[in-house]
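# What the coordinates show
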Amino acid sequence: MMEDKFNAVSNTAKLKKRVFSGVQPSGDVQLGNYLGAFKQWVQGQQEKENFFCIVDMHALTVYQEPAKLLEQTKMLAALLFASGIDPNRSTLFVQSQVTAHAEACWILNCMTPIGWLERMTQYKDKSLNQERVSVGLLDYPVLMAGDILLYDTNEVPVGEDQKQHVELSRDIAQRFNRIYGDTFVIPEPVIPEVGARIMGLDNPLIKMSKSHAHIKGHAIRLLDDDKEIERTIKRAVTDSDNVIQFSREPEKAGVNNLLGIYKVITGRTINQVESDFQDARGYGDLKARVSEVVIEELQPIKKKYSEIMDDSSELDRLLIRGAERARSYADPKLMDIKERVGLVLPGNLVK
Ligand code: TYM
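Residues numbered from 1 in each chain as written. Predicted model: local features only at pLDDT ≥ 70, side-chain atom pairs only at ≥ 80, totals over all residues. Heavy atoms only, no water.

## Things to note about the overall build of the protein
Put simply, the test is: Think of it this way: any DSSP run of H or I at least four residues long counts as a helix, any run of E at least two long counts as a strand, and we number them from the N terminus. Summary of the burial criterion: residues with accessible area below 20% of their type's maximum are buried, those above 50% are exposed, and those between are partly exposed, where the area comes from a 1.4 Å probe applied to protein chains only. Working rule for contacts: check all heavy atoms of both residues, and any pair within 4.5 Å makes them a contact. We get accessible surface area from the Shrake-Rupley algorithm with a probe of 1.4 Å; when it comes to residues, only the shown protein chains can shield them. This count recognises Lys and Arg as positive and Asp and Glu as negative, with His and chain-terminal groups excluded. Working definition for charges: the position is that of NZ of Lys, CZ of Arg, CG of Asp or CD of Glu.
A tally of regular secondary structure across the protein gives 14 helices and 5 strands. With the C-alpha coordinates of the protein rotated into their principal frame, the extents come out at 75 × 50 × 40 Å. The proportion of buried residues among the 351 residues of the protein is 50%. Contacts in the protein between residues far apart in sequence, at least 24 positions, make up 76% of those at least 6 positions apart. Carbon and sulfur atoms make up 51% of the accessible area of the protein, which totals about 17400 Å². When the 45 positive and 50 negative side-chain charges of the protein are each reduced to one mean point, those points stand 2 Å apart.

This is the structure we're talking about:
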């Protein structure tokens, strides 16, 4: 039944824009991942042809306990389906199950200047004060370029922090096309207007992140219970002037962040959001209302998540099917790339 529906979708798919995006199964998925990425992915599913990838090989750029990595990969898949990724409209798969990604990365490595990678801000931040930095951490954006370019991707919906990496993918694609002829579609980053950068609740001057999600008060994790969410938002850092308005001033970053979270979840405009809080009696009211909408948003996701995890054989089946579909796009593309650079003789193609 599912198969038939998907085939019907893929027959018309060529007319649609193709979307690719990814998420690492490292650490606890937090509200920023959901509002900056997953929610957009889910909302765009109808009109586009979508590939969503759990990038376990990207997670390896920093040491991961093997059993935990595997567990987190499955949990993340369940969370994505629970958030509304529809297996009949979107292809969700695990990166390491489609070996074309690693092969494409190697070929692209060979034509990417090291200087391009050394100037990536995420690399600079992550390698700062580290005694040993892996080659993988530096090479991370090339693997990401491979992910995107293998699928002739038009759009890459990501949070603000990934924009520079998507731009690098464009540079790599353009360079490859110049050297070897027209091969790659040049992808566009798609960054949401609000929600592209959800900030830490304990420090609204730094981005909310999975790697800090275990620190008390920093993040709302998608699987936190209602009480925990309420407690974390109650403790969120704000300021002392009690003015509830959007603002770019650094000292208002906490309030701005809470309003941003409220805005993305409710889908209301800036004016509507500010008028919702006109009669609020201070930040206590603001925090209570933000907690309410966050809890309401996450409740059905948590419920669906537990249902999926209760019988994960269906999840395994969906991931196998997702990887098969992804391979049916990525493998022929890789063959094209290999032929262009002189690695495969035509007529010798693996089917
Ligand atoms: P990752 O796993 O760090 O994050 C997944 C997505 O969540 C977004 N995000 C945020 N958005 C708003 N506010 C935040 N505080 C916040 N934190 C994270 C990220 O921007 C991202 O969209 N390198 C990527 C994964 C990747 C990928 C790709 C993405 C690998 N290959 C190809 C797109 C296309 C990463 O580490 O995302």
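What follows picks up the thread again.
## Focus: the packing of helix H4 (residues 66-83) against helix H13 (residues 283-310)
Applicable threshold: The convention used is that axes are lines fitted to C-alpha atoms, helices contributing only their stretch in contact, and that angles between N-to-C directions extend from 0 to 180 degrees. Oblique is the label for any angle not under 35 degrees, not over 145, and not in the 65 to 115 range, which are roughly parallel, roughly antiparallel and roughly perpendicular in turn. Each crossing gets its hand from how the near helix is turned against the far one by less than a right angle, where anticlockwise is left-handed and clockwise is right-handed. Amino acid classes used here: Ala, Val, Leu, Ile, Met, Phe, Trp, Tyr, Cys and Pro are nonpolar; Asp, Glu, Lys and Arg are charged; the rest, including Gly, are polar.
Relative to each other, H4 and H13 sit at 130°, their axes nearing to 8 Å. The pairing of H4 with H13 is recorded here as oblique in orientation. As H4 packs across H13, the resulting crossing turns out to be right-handed. From H4, Met75, Ala78, Leu79, Phe81, Ala82 and Ser83 reach across to H13, where they touch Ile301, Lys304, Tyr305, Ile308 and Met309. A class-by-class count of the residues in the contact of H4 with H13 yields 9 nonpolar, 1 polar and 1 charged.

## Brief notes about the nonpolar core
Filter applied, for reference: In plain words, nonpolar cores are sets of buried Ala, Val, Leu, Ile, Met, Phe, Trp, Tyr and Cys residues tied together by side-chain atoms within 4.5 Å.
If you look at the biggest cluster of nonpolar residues, it comprises 54 residues, and the most contacted ones within it are Leu31, Phe38, Leu80, Ile261, Leu286 and Val294. Those residues in contact with Phe38 that sit more than four places away from it in its chain are Val23, Val29, Asn33, Leu76, Leu80, Ser83 and Leu222. The next biggest cluster of nonpolar side chains, apart from the first, holds 40 residues, and it includes Leu108, Val156, Ala323 and Ile337.

## Some thoughts on the packing of aromatic side chains
A ring pair, where both rings are aromatic, is described by two values, the distance of the centres and the angle of the planes. Applicable threshold: Ring geometry is summarised as follows: Phe, Tyr and Trp rings, the Trp one being its six-membered ring, pair when their centres sit within 6.5 Å, and such pairs are stacked at plane angles under 30 degrees, edge-to-face over 60 and tilted between the two.
The tally for this structure, following the rule as stated, stands at 10 aromatic pairs. Where Trp41 meets Phe52, the ring centres are 4.7 Å apart and the plane angle is 5°; that geometry is what we call stacked. Highlighted residues: Trp41 in helix H2 (residues 31-44) and Phe52 in strand S2 (residues 49-54), separated in sequence by 11 residues. A relative accessible area of 1% means that Trp41 is categorised as buried. Through a chain of ring-to-ring contacts, three or more aromatic side chains come together here, namely Phe20, Phe51, Phe93, Tyr151 and Tyr329.

## Let's talk about the pattern of salt bridges
Put simply, the rule is: Salt bridges are counted wherever a side-chain nitrogen of Lys or Arg sits within 4 Å of a carboxyl oxygen of Asp or Glu.
The tally for this structure, following the rule as stated, stands at 23 salt bridges. The partner of Lys17 in a salt bridge is Glu155, with the nearest N and O atoms 4.0 Å apart. Of this pair, Lys17 sits in the loop between helix H1 (2-12) and strand S1 (18-23) while Glu155 sits in strand S4 (residues 155-157), and the two are 138 residues apart along the sequence. Of the charged contacts, one joins Arg281 and Asp285 as a salt bridge, the two residues approaching to 3.7 Å between their closest N and O atoms. Taking relative accessible area as the criterion, Arg281 reaches 73% and is therefore assigned exposed.

## Some points on the site of the ligand
Condition: A molecule or strand has a residue near it when one of that residue's heavy atoms lies within 4 Å. In the analysis that follows, any N or O atom pair within 3.5 Å is treated as a polar contact, provided that within protein one partner can donate a hydrogen and the other can accept it, and provided that, for residues neighboring in sequence, both atoms belong to side chains.
Around the ligand, the structure places 28 residues, and the nearest of them are Tyr140, Asp147, Asp161, Ile198 and Lys210. In this structure, a nitrogen atom belonging to the ligand sits 3.4 Å away from a side-chain N or O atom of Gln30. Here Gly32 contributes a backbone N or O atom positioned 3.1 Å from a nitrogen atom of the ligand. Coverage of the ligand by the protein amounts to 97% of the 710 Å² it exposes when considered alone. The class makeup of the residues in the shell around the ligand is 12 nonpolar, 11 polar and 5 charged.

## Remarks on the environment of Leu143
Here Leu143 lies in helix H8 (residues 135-149). Beyond its immediate chain neighbours, meaning those up to four positions away, Leu143 contacts Met57, His58, Gln95, His101 and Cys105.

## Considering unusual backbone geometry
Phi at Asp152 takes a positive value of approximately 50°, unusual for a residue other than glycine. Assignment of secondary structure puts Asp152 in the loop between H8 and S4. The class of Asp152 is partly exposed, set by a relative accessible area of 27%. One non-glycine residue, Asn242, lies in the positive phi region at around 60°. Turning to its location among the elements, Asn242 is positioned in the loop between helix H10 (226-234) and helix H11 (253-266). Classification of Asn242 by relative accessible area gives partly exposed; the value is 46%.

## A short note on the pairing of S2
The test is simple: Two strands are said to pair when DSSP picks up at least two bridges between them. Viewed with both strands pointing away, a crossover whose connecting path from the first strand over the helix to the second turns clockwise is right-handed.
In terms of residue burial, S2 counts as a mostly covered element, since 6 of its 6 residues are buried. Burial along S2 is two-sided: the face carrying Glu49, Phe51 and Cys53 and the face carrying Asn50, Phe52 and Ile54 are both buried. Two elements, S1 and S2, share 6 bridges in a ladder whose sense is parallel. Across the sheet, the residue bridging to Gly22 is Cys53, located in S2. For the segment spanning S1, H2 and S2, crossover handedness is right-handed.

Read these as spatial facts, not as claims about activity.
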